[in-house]
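Letter by letter, the chains look like this.
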Amino acid sequence: MDLKELCTALSKKEISAIEVTKQYIDNSVNAEKRVGAYITQCFDAALKKAETIDKMRMSGEKLSPLAGVPYGVKDNISTKGIKTTCASKMLENYVPPFDAEVITRLGNSVILGKTNMDEFGMGSGCENSCFGNTRNPHNTKFVPGGSSGGSAAGVAAKEFPFALGSDTGGSVRLPAAFCGVSAIRPTYGRVSRFGLVSFASSMDQIGIIAPKICDLAMVLTEISGADEKDSTSAKSEVPDFSDGIKDGIKGMKIAVIKELSESVSEDSVSALRKAAAELCGCCAGIEEISIGSLEYALAAYYIISSAEVSSNLARFDGVRFGRRCDNFSDLEDMYKKSRSEGFGIEAKRRIMLGTFVLSRGYYGRYYEKALAVRRCISAAFDDAFKKFDCILAPVSIGGAYRAGIKCDDPTAVYKEDLLNVPASLAGLPSVVVPILKNKAGMPLAVQIIGRKFDEKTIFRVADTLEGAVNFEQCL
Ligand code: GLN
C-alpha cells in the first residue's frame, strides 16, 4: 500500500491504527538486527497512541489525513518527552520539553522512534554518530548515506512508511538515493524549523523520505506553512501538493546542468541518461545548460555551513545546554572539558573551520567571498528558471560507498555533497527519484530541482518519472 491507500483504509476503518502500528513494529524488530535505523524506539508509546487514535475514529471525530500512520523522526527534531540526541554525546540524555512544529502538525500520527544520523547533521555516510553506524539495507557493507541515514534506511527496510529528516546540504537527498527511496527537500521557508536543532540555519530545512512521490506530497501538505515561532517560515500559500500530480509533463522544458553531470561516475551518468530518456519519452524537452559558478559551490557551502554551525553549537557549553563534565577546576576548564568530551571529531573540525573563516582578517577572504558565490549561484538559477520549468541532476557521484573507507578522509566525504549543495545554497526545492541499480545491486537516483515554492511542478515531473522507470524498491 502507498501512503494514500493506507490512509484511505484507516479512514474507512478497514484496518486499525493498532494493526498498522503492530505491523511496522514487527518489521522494525526484524530489520533492526541488520540495519540499525533507530537511536530510540518508542514502541509502547506508539501502541498507546494508536489505540487513542482508533478510539477517536470510532467515536466519529474528524481526524487529519495522516491520523494513525506511524513514522520515524530524525533525532535532531525535538519531540516532547522523547530523547532528542542529535547523535551526539553532548545531548545523550536530553529530553525536550516541547515538540517541534512539524511534530505538532503531525499530531495524530504515531511516532515509532527517533532515527540515527551524523552528529548534528554533519556527514554523508551516517558514520559520525556516537551511537554507531546505520547500515544500508540493500547491502549492509555499504553506508546508507547521511546525515539522515536512519530515516532513509528505515523507510527502505519498511520499518516505517515515511520519515522526517533534515536537509542542509543534501541530508535527505543523499541517503534516499543511497537507499533507493524518494525524498523531498522543500523550498527554504516552506516548513517551519521551530524545534529542529540548528546546524546551518540559512540552509536547514526539514525534509521527508518515503517510498513514493505521492507519499511525499501528502506529508508535505500536512507539515508546510507559516509558523509565527519561526521568522524564516514563509507566508506563501500552501497548496494541496497531491493535486495535479498525475497531470503529466507534456511540453515542459527541463535543463541538465553541464557542471553537475560531468563530474560523476559512469553509474550516475547511466541513471541520469535513463531519466532524461524517459522524460523525453513523456514529451518533455531537455536541454543542457552551463552554470560556471557551480565550480565554487562546494567550497562556498563548507565555508558558510561551518561558519553557521560554529556559532550555533556555541550554546552547548555545559551551562546553557548540553552535558557537563564531572571534574573541573574553574569555569574555563569546565567549558573546555565539557565541549571536548561532548563533541565528536567532525563537529570539532567544523567548529574550528567555522571559527577560522569568521575571524578578523579571514572573514573577508573566506566568508564574504563564499556569500558572493552564493549570490551568483542563486542568480544563475533564477536565470535558468526563466526558460526552464525544472532542472534534472544526479544526486551522488556514484551511489553508496563501502562503510569505513572514507572515515579517515573528511574531504572525500565532503565531495559526496557536490551535487546537493547548489539547491541548498539557493534555497530551492528538490525531489529525489530512484532510477536503477548498479552491478553491485546498489541504487542510483536523480533529483529534480525546482523554482522556489514550486514543489508542485517537481512533484509532477518526479511522479511521471517514477511511473516511467518503475524502479524495484524490494531489497
Ligand atoms: N553532508 C553534508 C554536511 O556534512 C550535508 C549535511 C546536511 O544536509 N545536514 O554538511
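Throughout what follows, the structure given in this document is the object of discussion. The structure presented is a predicted model; accordingly, all values stated were derived computationally and were not measured.

By the definition in use, this model includes 16 aromatic pairs. Measuring from ring centre to ring centre gives 4.9 Å for Tyr-301 and Tyr-302, while their planes differ by 85°; the resulting arrangement is edge-to-face. Assigned by exposure class, Tyr-301 and Tyr-302 land together as buried. Judged by centre distance (5.2 Å) and plane angle (50°), the rings of Tyr-363 and Tyr-367 are tilted. Of the two residues, Tyr-363 and Tyr-367 are both situated in helix H13 (residues 363-387); the distance of four residues between them amounts to about one turn of the helix. A residue is classified by how much of its surface remains accessible, and Tyr-363, at 33% relative accessible area, is partly exposed. Here Tyr-367 falls in the buried class, since its relative accessible area comes to 15%. Taken together, the ring pairs in this structure connect Phe-120, Phe-316, Phe-321 and Phe-343 into an aromatic cluster. Against the face of Phe-194 rests Lys-229, its NZ or CZ located 5.1 Å from the ring centre. When the ring centre of Tyr-401 is taken as origin, the NZ or CZ atom of Lys-406, which lies over that ring, is 4.4 Å away.

In the vicinity of the ligand, 15 residues are found, and the nearest of them are Thr-168, Gly-169, Ser-171, Tyr-301 and Arg-350. Here a nitrogen atom of the ligand sits 2.9 Å away from a polar atom, N or O, in the main chain of Gly-121. A distance of 2.8 Å separates an oxygen atom of the ligand from a polar backbone atom of Thr-168. Notes on the ligand: free accessible area 300 Å², of which the protein chains cover 99%. Per-class residue counts for the shell around the ligand are four nonpolar, eight polar and three charged.

Right, let's get into the nonpolar core. In this structure, Leu-392 and Phe-459 are the most contacted members of the largest nonpolar core, which totals 89 residues. Tallying contributions element by element places helix H7 (residues 213-223) first for this core, with seven residues. Dropping the residues within four chain positions of it, Leu-392 is found in contact with Ile-254, Ala-255, Val-256, Ile-257, Leu-272, Ala-275, Ala-276, Leu-279, Ile-286, Val-446, Gln-447 and Ile-448. Counting residues in each nonpolar core, the second largest holds 50 residues, with Tyr-301, Phe-381, Leu-425 and Leu-428 among its members.

Calculation criteria
- Residues numbered from 1 in each chain as written.
- Predicted model: local features only at pLDDT ≥ 70, side-chain atom pairs only at ≥ 80, totals over all residues.
- Heavy atoms only, no water.
- Phe/Tyr/Trp six-rings, centres within 6.5 Å; stacked < 30°, edge-to-face > 60°.
- Buried < 20%, exposed > 50% of the residue type's maximum accessible area, 1.4 Å probe, protein only.
- Helix = DSSP H or I, 4+ residues; strand = E, 2+ residues; numbered from the N terminus.
- Lys NZ or Arg CZ within 6 Å of the ring centre and 35° of its normal.
- Near = heavy atom within 4 Å.
- Polar contact = N/O pair within 3.5 Å; in protein donor to acceptor, adjacent residues only side chain to side chain.
- Areas by Shrake-Rupley, 256 points an atom, 1.4 Å probe, with all protein chains shown as cover.
- Nonpolar A, V, L, I, M, F, W, Y, C, P; charged D, E, K, R; others polar.
- Core = buried A, V, L, I, M, F, W, Y, C linked by side-chain atoms within 4.5 Å.
- Contact = heavy atoms within 4.5 Å.

Fair warning: the whole summary comes from geometry, so function is off the table for now.
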